[in-house]
Amino acid sequence: MSIIISPSILGGSFANMQDTIKHIDQSKAEYIHFDVMDGDFVPNLTFGPQFISNVRQYSKKIFDVHLMINRVGKFLDDYLKAGSDIITFHLEIDENIKELISKIKTNNIKCGIAIKPATPWEDLKPYLNDIDQIIIMTVEPGFGGQKFMNDQLSKITELKNYISKHHLSLDLEVDGGINFETGKQCVEAGANILVAGSFLFKQKNLSQAASELFDYFN
């Protein structure tokens, strides 16, 4: 199974996002990761559905949209229409999870659920038959550039074992502090999608860096 690289634009300059999207589009990375933050669910504010819609024209990649927001149901229609290919929301929100999954899937968009580091993976069990991917956060969501939390590796392994045992068709994505070393640990633990942000944007050539990360794992 090939490893999917999903560069997060959170590490880029918002003043020059059109170029950032184009550079990722020219790389071997299959996805582009959008960290949507509302300043409520997490203590940071990024962008909304209009931004995703605006940059959709610059890339044919899969738009991997990660909603770190409260009131997902209120804003979901806008994200469904914005050009998202996958929409992932957080298990920790106080909403009807099954209804949100159903609405996303009814619109022929893949659905994922993300969990924070403190959330046990077992809390996902009621939903695993209905979703397409899981995002395991290996940092506290809210800001890029944080240090990878090694204690989350066992969560990835246990979840992967459960998925395999029950013959579930699920992608296992890891988000937070990913580089060559930590990415290798996550892949060995069972992940097949890696979100990389700050690490890629520290390199001189974004497109080349994303391609090198892809080549390293494939």
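Look a little higher up for the structure.
Residues numbered from 1 in each chain as written. Predicted model: local features only at pLDDT ≥ 70, side-chain atom pairs only at ≥ 80, totals over all residues. Heavy atoms only, no water.

Caption draft 1: Inspection of helix 5 (residues 153–165) at higher detail. Compared with an ideal rise of 1.5 Å per residue, which puts 13 residues at 18 Å, helix 5 spans 18 Å between its outermost C-alpha atoms and is within 8% of the ideal. Those residues of helix 5 that sit buried are Leu 153, Lys 155, Ile 156, Leu 159, Tyr 162 and Ile 163. Backbone geometry just after helix 5 places His 167 at a positive phi near 55 degrees. (Helix = DSSP H or I, 4+ residues; strand = E, 2+ residues; numbered from the N terminus. Expected span 1.5 Å × (residues − 1). Buried < 20%, exposed > 50% of the residue type's maximum accessible area, 1.4 Å probe, protein only.)

Caption draft 2: Looking closely at the environment of Ser 211. The residue Ser 211 is located in helix 8 (residues 206–217) in this model. The contact partners of Ser 211, leaving out residues within four places of it in the chain, are Ser 27 and Lys 28. Side-chain polar atoms of Ser 211 contact the backbone nitrogen of Lys 28, separated by 3.0 Å. (Contact = heavy atoms within 4.5 Å. Polar contact = N/O pair within 3.5 Å; in protein donor to acceptor, adjacent residues only side chain to side chain.)

Caption draft 3: Expanded view of the environment of Leu 80. Tracing the chain through its elements places Leu 80 in helix 3 (residues 72–81). Look at Leu 80 and you get buried, because its relative accessible area is 12%. Through-space distance from the C-alpha of Leu 80 to that of Phe 214 is 28 Å; in sequence the pair is 134 residues apart. Apart from residues no more than four positions distant in its own chain, Leu 80 is found in contact with Ile 87, Lys 103, Ile 104, Asn 107 and Ile 109.

Caption draft 4: Expanded view of the packing of aromatic side chains. The tally for this structure, following the rule as stated, stands at ten aromatic pairs. Aromatic side chains Phe 34 and Phe 51 sit 6.4 Å apart centroid to centroid with 70 degrees between the ring planes, which places their arrangement in the edge-to-face category. Remark: Phe 51 occurs in helix 2 (residues 49–55) and Phe 34 occurs in strand 2 (residues 31–37); sequence separation between them is 17 residues. As far as the burial class goes, Phe 34 and Phe 51 line up, both buried. A centroid spacing of 4.6 Å and a plane angle of 45 degrees characterise the contact between Phe 34 and Phe 63, whose relative ring orientation is tilted. (Phe/Tyr/Trp six-rings, centres within 6.5 Å; stacked < 30°, edge-to-face > 60°.)

Caption draft 5: Layout of the environment of Ala 29. Positionally, Ala 29 belongs in the loop between helix 1 (17–25) and strand 2. Overall, the relative accessible area of 0% leaves Ala 29 in the buried class. Along the sequence, Ala 29 and Ala 209 sit 180 residues apart, while their C-alpha atoms lie 9.7 Å from each other. With residues up to four places along the chain from it excluded, the contact list for Ala 29 reads Ile 5, Pro 7, Lys 61 and Ala 210.

Caption draft 6: Just the packing of helix 6 (residues 180–189) against helix 8, in detail. Two elements in contact, helix 6 and helix 8, have axes separated by 11 Å at closest approach and are oriented at 40 degrees. Our classification of the angle between helix 6 and helix 8 gives oblique. Classified by chirality, the crossing of helix 8 by helix 6 is right-handed. Of helix 8, the residues touching helix 6 (which contributes Phe 180, Gly 183, Lys 184 and Val 187) are Glu 212, Leu 213, Tyr 216 and Phe 217. Looking at the contact of helix 6 with helix 8, its residues break down into five nonpolar, one polar and two charged. (Axes fitted to C-alpha atoms, helices over the stretch in contact; angles between N-to-C directions. Parallel < 35°, antiparallel > 145°, perpendicular 65-115°, else oblique. Left-handed = near helix turned anticlockwise from the far one by under 90°. Nonpolar A, V, L, I, M, F, W, Y, C, P; charged D, E, K, R; others polar.)

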